[in-house]
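# Architecture and fold: a report
In case you want the letters, here they are:
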Amino acid sequence: MLGGMQDFELRVPRLLDHAAREHGGREIVTYWADGHETRTSWAGIARDAKKLAQALVKMGMNPGDRIATLAMNHSRHLAAWYGAIGMGGVIHTLNPRLFDEQLVYIANHAEDRVLLYDKQFQPLVDRLKSQWTSIEQYICFDGEGPTSFEGIIALEDGHYQWHEGPERDPCMLCYTSGTTGNPKGVLYEHRSTMIHAMAGVSPWLLNISSQAVILPVVPMFHAAAWGLPFAGALSGAKFVYACVNDAAVLCRLMNQEKVTHSAGVPTVWLSMFQHIDATGEAPRYLKQVTIGGSAAPRAMIERIMGMGARVAHLWGMTETSPIGTAGAPPPHWDELSLGEQLDMVCKQGQIPFGVELRVVDDDDVEQPRDGASSGRLQIRGPWVIKRYFKAEADCVDAENWFDTGDVAVIHPDGTMQITDRAKDVIKSGGEWISSVDLENAAVGCPGVAEAAAIGIYHPKWDERPLLLVVRKAGSDVSPAEINAHLAAHVAKWWLPDEILFVDDLPHTATGKLLKTALRAQYKDHRLASVA
Ligand code: AMP
């Protein structure tokens, strides 16, 4: 027996229809790479998306075809997402920071048919064009003439009905950063994307309403921009986009447009702090700062909270659409001391409705929520992956649990805390040292700009920590001072055997510390303690 309610497939274009109808005048501002600014609105995005959908159909694109982008955050990129999805296509965001070989592999594996790209990536496009085997059409977002985005949509009238179909149809393809092996594609569906957006706006996750003015520093090419283009349409939020990642520009835009919400990886805030220290100019209207992608250090959270914003510490993965958890204030938040509040936000947050999490040991036995039993973090739910794009087998167990590759504990109050990546924990004398905890404690030491901890072979202990430190400009902080600071925050046997100063640290294309490169570089390093 069926229920008595209507057929209403959860399809992504409905989000844009809603935004255009109910919040049509809400602005979408873009700061372009050449420094000029433009303003459109949700109504303008809807109009351009429909025109692009018409143009894509004329080019011979069919439902299910992959339409790729190689672009920063801007209004035309937003319109392209909805236009490609709206004609039944699959929007595929390529990350311009990947190596050439990865970009060739990914676009060919995805069998992208169209590429929309920013002029600043023209050299990259020219370099790889001959190796991309499936791309037939190249459209420049900010170019001129008939093959530019504006040139192409200018030929259309915008009278277009979105392609209809089942809600389990695919709508978006994102590849994992692939620090080991080839990148893998995660194929989101209309339904998973809609449910993720409906949950994402809630106060315990991204906390977005129509009052929100969002400057997403997270790029649209990283993990679906954390779902913001969808959650923002659902709520009718205003977007402020910047095609550059310069802290001075971001700070000016935040104040000029009265930005209330920002989202990005921790490194974004490191450069913002440098800007604030150098100029005294700080963002003045922020209410919610969502930090994710890697662990947000305590000192960073404290400083942002000191600016009057709430910090949501978000954990997620490309494979989870990407939101898994976010640190939302518990009922007794106001009764907590600042120290207790910081303890709370440093963890990765409560489990929202929509996902289930568990921690298991090496035998797949579920561990108690005691804040001490750590193990592999597993997740399942309607916006969690089941199978990688074109893979022959599922990547989940019989009960749909997906193994995240993260190591975590769950506390008695239900808060999840990532302790490390399974690959990154430092195994010392049969016990685990969390490289993330060491790094976060080190970044709290005055004079330290960034730190990375890796395990180095030790004949007695198996591995011992080596801490690589980038000093802040002008600082001459010493290993002894860093060790003294660390000793107040971590167990004594966790203290690094050696601290080395470096000019910079390698990062992945999405801004995470590239531990594989560091491990390779220091493979033959002999600890002074061993010598
Ligand atoms: P990606 O798919 O590129 O977004 O990478 C996902 C991985 O980033 C996760 O499996 C975690 O290892 C890491 N990650 C994301 N958010 C956090 C966070 N808030 N704290 C610690 N690690 C995180």
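Throughout this document, residue positions are counted from 1 along each chain, in the order its sequence is written. The model is predicted, so local features are restricted to residues of pLDDT at least 70 and side-chain atom pairs to those at 80 or more, both for listing and for counting; the totals for chains, interfaces and linings are taken over all residues. Side-chain metrics rest on all non-hydrogen atoms present in the structure, leaving aside hydrogens and water.

## Overview of the overall build of the protein
Filter applied, for reference: A helix here means a DSSP run of H or I that spans at least four residues, while a strand means a run of E at least two residues long, and both kinds are numbered starting from the N terminus. As defined in this context, the radius of gyration uses C-alpha atoms, and a globule is described by 2.2 Å times the residue total to the power 0.38. Shrake-Rupley sampling with a 1.4 Å probe provides the accessible areas, and residues are treated as covered by the protein chains on show and by no other component. Counting rule for charge: Lys and Arg are taken as positive, Asp and Glu as negative, and neither His nor the chain ends is counted. Where a charge sits is defined by one atom per residue type, namely NZ (Lys), CZ (Arg), CG (Asp) or CD (Glu).
For the protein, the helix and strand inventory stands at 15 helices and 23 strands. Relative to the globule expectation of 24 Å for 531 residues, the C-alpha radius of gyration of the protein, 23 Å, shows essentially globular dimensions. Taken as a whole, the protein presents about 22000 Å² of accessible surface, with 51% of it coming from carbon and sulfur. Of the side-chain charges in the protein, 48 are positive and 64 negative, and the distance between the mean point of each set is 3 Å.

## Structural notes on the domain arrangement of the protein
For clarity, the cut-off: Boundary definitions for the domains trace back to an automatic or database domain assignment.
Domain parsing of the protein yields domain 1 (41–165), domain 2 (190–422) and domain 3 (426–521). Here domain 1 and domain 3 have C-alpha centroids that lie 42 Å from each other.

## A few points about the side chain of Ser373
Short version of the rule: Pairing of N or O atoms within 3.5 Å defines a polar contact, subject to two protein rules: one partner must be a possible hydrogen donor and the other a possible acceptor, and residues neighboring in sequence count only if both atoms are side-chain atoms. Any two residues whose heavy atoms approach within 4.5 Å are treated as being in contact.
Assignment of secondary structure puts Ser373 in the loop between β15 (356–360) and β16 (375–380). Here Asp370 takes part through its side chain, which lies 2.7 Å from a polar atom of the side chain of Ser373. Excluding residues within four positions of it along the chain, Ser373 makes contact with Val359, Gln367, Pro368, Ala408 and Val409.

## Regarding the sheet that holds strand β3 (residues 66–70)
Going by this rule: Pairing between strands requires that DSSP locate at least two bridges from one strand to the other. Axis angles are defined between N-to-C directions and span 0 to 180 degrees, where every axis is a line fitted to C-alpha atoms and, for a helix, only to the segment in contact.
Reading across the sheet, the six strands line up as β6-β5-β3-β4-β7-β8 and stay open at both edges, with mixed pairing between neighbours. Unpaired on one side and paired on the other, β6 (137–140) and β8 (185–189) mark the two borders of the sheet. Strand-to-strand twist across the sheet, computed as the mean angle between neighbouring axes with direction ignored, equals 20°. In this structure, β3 lies alongside strand β5 (residues 112–117), joined through five bridges in parallel fashion. Bridging from a neighbouring strand, Ala68 pairs with Leu115 of β5. Against the sheet, helix α7 (residues 190–200) contacts β7 (170–175) and β8, and its axis sits at roughly 75° relative to β8.

## Side note on the sheet that holds strand β17 (residues 402–410)
Strands sit in the order β15-β16-β17-β18 across an open sheet of four strands; the sheet is antiparallel. Pairing within the sheet leaves two strands with one partner each, and these edge strands are β15 and β18 (416–421). Recorded for the sheet is a direction-independent mean angle of 50° between the axes of neighbouring strands.

## Some remarks on the site of the ligand
Note the following rule: By convention in this text, a residue qualifies as near a molecule or strand provided that one of its non-hydrogen atoms is within 4 Å of it.
For the ligand, the set of nearby residues contains 15 residues, the closest of which are Leu314, Thr318, Gln348, Asp406 and Arg421. The contact in question runs from a nitrogen atom of the ligand to an N or O atom on the backbone of Ala295, over 3.3 Å. At 2.7 Å, a side-chain N or O of Arg421 approaches an oxygen atom of the ligand. Relative to its unbound accessible area of 500 Å², the ligand is 91% covered by the protein chains.

## Quick notes on the environment of Gly292
To keep it simple, the criterion reads: We call a residue buried when its accessible area falls under 20% of the maximum for its residue type, exposed when it is over 50%, and partly exposed in between, using a 1.4 Å probe and counting protein chains only.
Along the chain, Gly292 falls in strand β12 (residues 288–292). Judged by relative accessible area, Gly292 falls into the buried class, the value being 0%. Placed 74 residues apart in sequence, Gly292 and Val218 show a C-alpha to C-alpha distance of 9.3 Å. In contact with Gly292, not counting residues within four places along its chain, are Trp226, Gly264, Val265, Pro266 and Leu314.

## Quick look at helix α11 (residues 298–306)
Using the following cut-off: This arc is built from the directions going out from the helix axis to the C-beta atoms.
Within α11, burial applies to Met300, Ile301, Ile304 and Met305. Relative to the axis of α11, the buried residues are bounded by an arc of 130° and lie together on one face. Against α10 (266–279), β12, β13 (310–316) and α12 (338–346) lie the buried residues of α11. Positioned one or two residues after α11, Gly308 has a phi angle of 95°, which is positive.

## Remarks on the packing of helix α9 (residues 247–256) against α10
How we decide: Any angle that falls under 35 degrees is termed roughly parallel, while one over 145 is termed roughly antiparallel, one within 65 to 115 roughly perpendicular, and all others oblique. Classes in brief: Ala, Val, Leu, Ile, Met, Phe, Trp, Tyr, Cys and Pro nonpolar; Asp, Glu, Lys and Arg charged; the others, Gly included, polar.
α10 packs onto α9 with a crossing angle of 80° between their chain directions and a minimal axis gap of 9 Å. Judged by the angle between their axes, α9 and α10 are roughly perpendicular. For the pair α9 and α10, contact is made by Ala247, Ala248, Leu250, Cys251 and Met254 and by Ser271, Met272 and His275, respectively. For the contact of α9 with α10, the per-class residue count stands at six nonpolar, two polar and no charged.

## Considerations on the packing of helix α1 (residues 13–22) against helix α2 (residues 42–58)
Rules: Rotating anticlockwise by less than a right angle from the far helix to the near helix defines a left-handed crossing, while the corresponding clockwise rotation defines a right-handed one.
Contact geometry of α1 with α2 gives a least axis separation of 8 Å together with a crossing angle of 135°. With respect to their mutual orientation, α1 and α2 come out oblique. Judged by the twist between their axes, the crossing of α1 over α2 is left-handed. Contacts between α1 and α2 involve Leu16, Ala19 and Ala20 on the former and, on the latter, Trp42, Ala43, Ile45, Ala46 and Ala49. Among the residues forming the contact of α1 with α2, the class breakdown is eight nonpolar, no polar and no charged.

## Observations regarding the packing of aromatic side chains
Operational definition: In this analysis, rings of Phe, Tyr and Trp, with Trp reduced to its six-membered ring, are considered paired at centre separations within 6.5 Å, and the interplanar angle assigns stacked below 30 degrees, edge-to-face beyond 60, and tilted for intermediate values. Two limits define a charge over a ring: the Lys NZ or Arg CZ must be within 6 Å of the ring centre, and within 35 degrees of the ring normal.
As enumerated under the stated definition, the model contains eight aromatic pairs in all. An angle of 10° between the planes, with centres 5.2 Å apart, marks the rings of Phe239 and Tyr241 as stacked. The class for Phe239 is buried, based on a relative accessible area of 0%. Measuring from centroid to centroid gives 6.0 Å for Trp269 and Phe273, while their planes differ by 50°, and the two rings are tilted. Remark: Phe273 and Trp269 occur in helix α10; sequence separation between them is four residues, near one turn of the helix. The pair formed by Trp269 and Phe273 is uniform in burial state, with each residue classed as buried. Clustering of aromatic rings is evident, with ring pairs tying together Trp42, Phe239 and Tyr241. Sitting above the plane of the Trp162 ring, Lys50 keeps its charged end 5.0 Å from the centroid. Seen from the ring of Tyr388, Lys184 lies directly overhead, with NZ or CZ sitting 4.9 Å from the centre.

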